[in-house]
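Commentary on secondary and tertiary structure
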Amino acid sequence: EDADRELRRAVEIDSSFTDAFLRLGAVRLEGGRPEAALEPLLHVARRWPKEPEVGNLMGEVYLQTGDNDLALAAFTATLEDDATSVPAHLGLGRGLFADGRFTDAQAAFRRALDLDPDDPIARSLLGGTLVQLDRAAEAEPHFHAAVELRPDDGEGFNNLALALRARGRLDEAIAACR
């Protein structure tokens, strides 16, 4: 709330301070207020239409507000300008997953992993997609890697347990949850 107030003050003083609009949108998005993030991010998008961070944030806003078509368009546009944007590949994959396009989502998550093999989020999302495609055996090493990369992330252990359970390994699934 303090950051939001300070950034609002900065843009009131100088409406050309585009970076403050960008930070304001990011703070609102991180604070769980995607609708409030939209206005400052649209302001930035008009000034910096090819900035990957803006495209990624816009895509996140649209994902969180349930507008998958706009989210997919934002992430795709970002990738057209910067094919190495891991957040854009992850966002695109999440949007495709939400649309039930699991094979396409898998490809997006694999591309993110090609760019950053140590990204625990990409590993977890790819694993979840593989489970959805009835490929739990292939998902399991991705969940193991995610847990190793982020041992304090309870969701990683839950995902690993789900993959183990899907493979009929209940004792191991229970142990993963402990």
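Residues numbered from 1 in each chain as written. Predicted model: local features only at pLDDT ≥ 70, side-chain atom pairs only at ≥ 80, totals over all residues. Heavy atoms only, no water.

Moving on, we get to the packing of helix 7 (residues 102-115) against helix 8 (residues 120-132). Each pair of packed helices gets described by two things: the angle between the helix axes and the distance between those axes. Contact geometry for helix 7 and helix 8: axes closest at 9 Å, N-to-C directions at 155°. As judged from the angle between their axes, helix 7 and helix 8 are roughly antiparallel. At the point where helix 7 passes helix 8, the crossing takes the left-handed sense. Between helix 7, through Phe102, Ala105, Gln106, Phe109, Arg110, Ala112 and Leu113, and helix 8, the contact on the second element is made entirely by Ala122, Arg123, Leu125, Leu126, Thr129, Leu130 and Gln132. The residue makeup of the contact of helix 7 with helix 8, split by class, is nine nonpolar, three polar and two charged. (Axes fitted to C-alpha atoms, helices over the stretch in contact; angles between N-to-C directions. Helix = DSSP H or I, 4+ residues; strand = E, 2+ residues; numbered from the N terminus. Parallel < 35°, antiparallel > 145°, perpendicular 65-115°, else oblique. Left-handed = near helix turned anticlockwise from the far one by under 90°. Contact = heavy atoms within 4.5 Å. Nonpolar A, V, L, I, M, F, W, Y, C, P; charged D, E, K, R; others polar.)

The next subject is the nonpolar core. Core analysis: the largest hydrophobic core is formed by 39 residues, its most contacted members being Leu22, Leu41, Leu57, Met58, Phe75, Leu90 and Leu92. In terms of residues, this core owes the most to one element, helix 4 (residues 52-64), which gives six residues. For Phe75, the contacting residues outside a window of four places in its chain are Asn56, Gly59, Glu60, Leu63, Pro87, Ala88, Gly91 and Leu92. (Core = buried A, V, L, I, M, F, W, Y, C linked by side-chain atoms within 4.5 Å. Buried < 20%, exposed > 50% of the residue type's maximum accessible area, 1.4 Å probe, protein only.)

In this section: the packing of aromatic side chains. Applying the stated criterion to the full structure yields one aromatic pair. Centroid distance Phe97 to Phe102: 4.9 Å. Interplanar angle 65°. Geometry classified as edge-to-face. (Phe/Tyr/Trp six-rings, centres within 6.5 Å; stacked < 30°, edge-to-face > 60°.)

Take Ile174: it is sitting in helix 11 (residues 170-177). Each C-alpha atom of the pair Ile174 and Asn158 lies 9.5 Å from the other, and the pair is 16 residues apart in sequence.

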